[in-house]
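Next come the chains, spelled out residue by residue.
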Amino acid sequence: MATASSSTFVYKGVDKKGAKVQGEISGVSTALVRSQLRKQGITARNVSKKSKPLFSSGKPITPMDISIFTRQMATMMKAGVPLVQSFEIVAEGVDNPNMRDLIMGIHGEVASGTSFALALSSKPKYFDELFCNLVESGEQSGALETMLDRVATYKEKSEALKAKIKKAMNYPIAVLCISLVVTGILLIKVVPQFAETFSSFGAELPAFTLFYLSLSDFVIEWWLIIVAGIGISVASFKEAVKRSPAFADQMDAVVLKLPVVGDIIYHSVLARFSRTLATTFSAGVPLIDALDSVAGAAGNAIYKKAILSVRDEVATGIALNVSLRRTGVFPSMLLQMTAIGEESGALDEMLDKVAGFYEDAVDNMVDGMTALLEPIIMSVLGVVIGSLMIAMYLPIFQLGAVV
């Protein structure tokens, strides 16, 4: 569903009653924007592309904003509100100006006769291919309100799962960063003060203290290079993942083998697979096309390749559960539920239950890991900072014992 990239245009003109009107509308070119306005009964006298500010203003549009927008649209249409009017009502209740502009841009395209799915596909930054395909399926089947409800549920579940994964990753990273900063401050600011005191002792210092004094001298001399090195390493890693598919695939395989975190990622991939396939299949999307969408939403290269392999086998007439089993990366519970779903004709219901099971598993794992990490991290911090303090006070204790 490829389409030319659209832009925001500013227009001034008159409506059918001769009243002056002005506003913004999304379109591909000036000529097409004028055509869209004529369909709305507006004679445009001035149409120009909206200039972009030098610095971006307002809050960025987040996936959660898209999820809320989808839920609100589903609610409006279920209540019998026309599609075009639903955009206006939803936009009025949005606090984020950028999100409001996005909604009104889609509103302008739909009001001019463009299909909802096509209008969404012109905003690929916010609406992926899966989202657009599901909306298109709803429009073609005449059940757009039902499909929007399913898409909203899918987005809410997906964002909740992402939030759990971020919670699992952010907590230890934040504590680690804080511990490094605190240790760095102690080595740069506190230890040198002790070093000046020790220089007047005229006695040999303990090896433990000498180690920290040497470490402090090293950090003070090279701290800028250390910080730059860490920054360059992180940036290089991100760039390598972005530019090298082979490296990114290797990292996806490594992540799955990590203790604790690997299990969380593994169960989240299974939950995403089950939820996406259940949503697309229940929407009436053919299984082969659904598997294409599922592969794109897998979030892990190992499973993406496995799902594409399953798609190719299903296209030759092999049962889905058999193809999944052949990959060797899906657990027996998912395979059994898929087989039951195929035999009973309720594949989407079975996959929905599987998705719920793995989402709950991720939730429990994240809570368990957080509870486990708290005492471990505090113990590590206590050992690092405590050993540094002991190293600094040890010569003073020894001097007191001599006296």
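Residues numbered from 1 in each chain as written. Predicted model: local features only at pLDDT ≥ 70, side-chain atom pairs only at ≥ 80, totals over all residues. Heavy atoms only, no water.

With that settled, the discussion passes to the overall build of the protein. When its secondary structure is counted, the protein shows 15 helices and 3 strands. For the C-alpha atoms alone, the extent of the protein along its principal axes is close to 100 × 60 × 40 Å. Out of the 403 residues belonging to the protein, those deemed buried represent 38%. Contacts in the protein between residues far apart in sequence, at least 24 positions, make up 60% of those at least 6 positions apart. (Helix = DSSP H or I, 4+ residues; strand = E, 2+ residues; numbered from the N terminus. Buried < 20%, exposed > 50% of the residue type's maximum accessible area, 1.4 Å probe, protein only. Contact = heavy atoms within 4.5 Å.)

For the rest of this paragraph, the subject is the pattern of salt bridges. Any two side chains of opposite charge can pair, on the condition that their charged atoms come close. In total, this model carries 12 salt bridges according to the counting rule given. Measuring nitrogen to oxygen at the nearest pair gives 2.4 Å for the salt bridge that ties Glu239 to Arg243. Linking Glu239 with Arg243, this pair stays in helix α8 (residues 207-243), spanning 4 residues, or about one helical turn. On the basis of relative accessibility, which here comes to 30%, the residue Glu239 falls in the partly exposed class. For Arg243, a relative accessible area of 65% corresponds to the exposed category. Beyond isolated ion pairs, a larger network of salt bridges with shared partners links Arg71, Lys78, Asp149 and Glu156. (Salt bridge = Lys/Arg side-chain N within 4 Å of Asp/Glu carboxyl O.)

A few words on the side chain of Ser121. Inspection of the secondary structure assignment puts Ser121 in helix α5 (residues 116-121). Under the relative-accessibility criterion, Ser121 is labelled buried at 12%.

Here the focus is helix α11 (residues 287-297). Taken together, the buried positions of α11 are Leu287, Ala290, Leu291, Ser293, Val294, Ala295 and Ala297. In this fold, the buried residues of α11 make contact with α6 (129-141), α7 (144-198), α10 (261-282), α12 (301-315) and α13 (320-327). Of the residues trailing α11, Gly299 is marked for its positive phi of about 80 degrees.

Here the protein averages 82 in pLDDT, and 93% of its residues register 70 or above. Taken element by element, the protein is modelled with least confidence in strand β2 (residues 20-27), mean pLDDT 75, and with most confidence in α13, mean pLDDT 92. (pLDDT = per-residue confidence, 0-100.)

A word on the nonpolar core. Among the nonpolar cores identified, the biggest contains 72 residues, and Phe87, Ile106, Phe116, Phe127, Leu277, Leu320 and Phe330 are the most heavily contacted of them. With residues near it in sequence (within four places) discarded, Phe127 still touches Ile66, Phe69, Leu102, Ile106, Leu120 and Cys132. With 12 residues, the next largest nonpolar core counts Leu187, Val191, Leu213 and Leu388 among its residues. (Core = buried A, V, L, I, M, F, W, Y, C linked by side-chain atoms within 4.5 Å.)

Next up on the list: the packing of aromatic side chains. Counting across every chain of the model gives 11 aromatic pairs. Between Phe211 and Tyr212, the aromatic rings sit 5.3 Å apart at their centres with planes inclined by 75 degrees, giving edge-to-face as the arrangement. The exposure class assigned to Tyr212 is buried, which follows from its relative accessible area of 10%. Grouped by ring-pair contacts, the aromatic residues Phe69, Phe87, Phe116, Phe127 and Phe131 constitute a single cluster. (Phe/Tyr/Trp six-rings, centres within 6.5 Å; stacked < 30°, edge-to-face > 60°.)

Viewed as axis vectors pointing N to C, helix α2 (residues 63-78) and helix α4 (residues 97-111) meet at an angle of 45 degrees, and their least axial separation amounts to 11 Å. Comparing the axis directions of α2 and α4 gives the class oblique. Note that α2 runs across α4; the crossing there is right-handed. Between α2 and α4, the contacting residues are Asp65, Ile66 and Phe69 on the first element and Met99, Leu102 and Ile103 on the second. Per-class residue counts for the contact of α2 with α4 are 5 nonpolar, no polar and 1 charged. (Axes fitted to C-alpha atoms, helices over the stretch in contact; angles between N-to-C directions. Parallel < 35°, antiparallel > 145°, perpendicular 65-115°, else oblique. Left-handed = near helix turned anticlockwise from the far one by under 90°. Nonpolar A, V, L, I, M, F, W, Y, C, P; charged D, E, K, R; others polar.)

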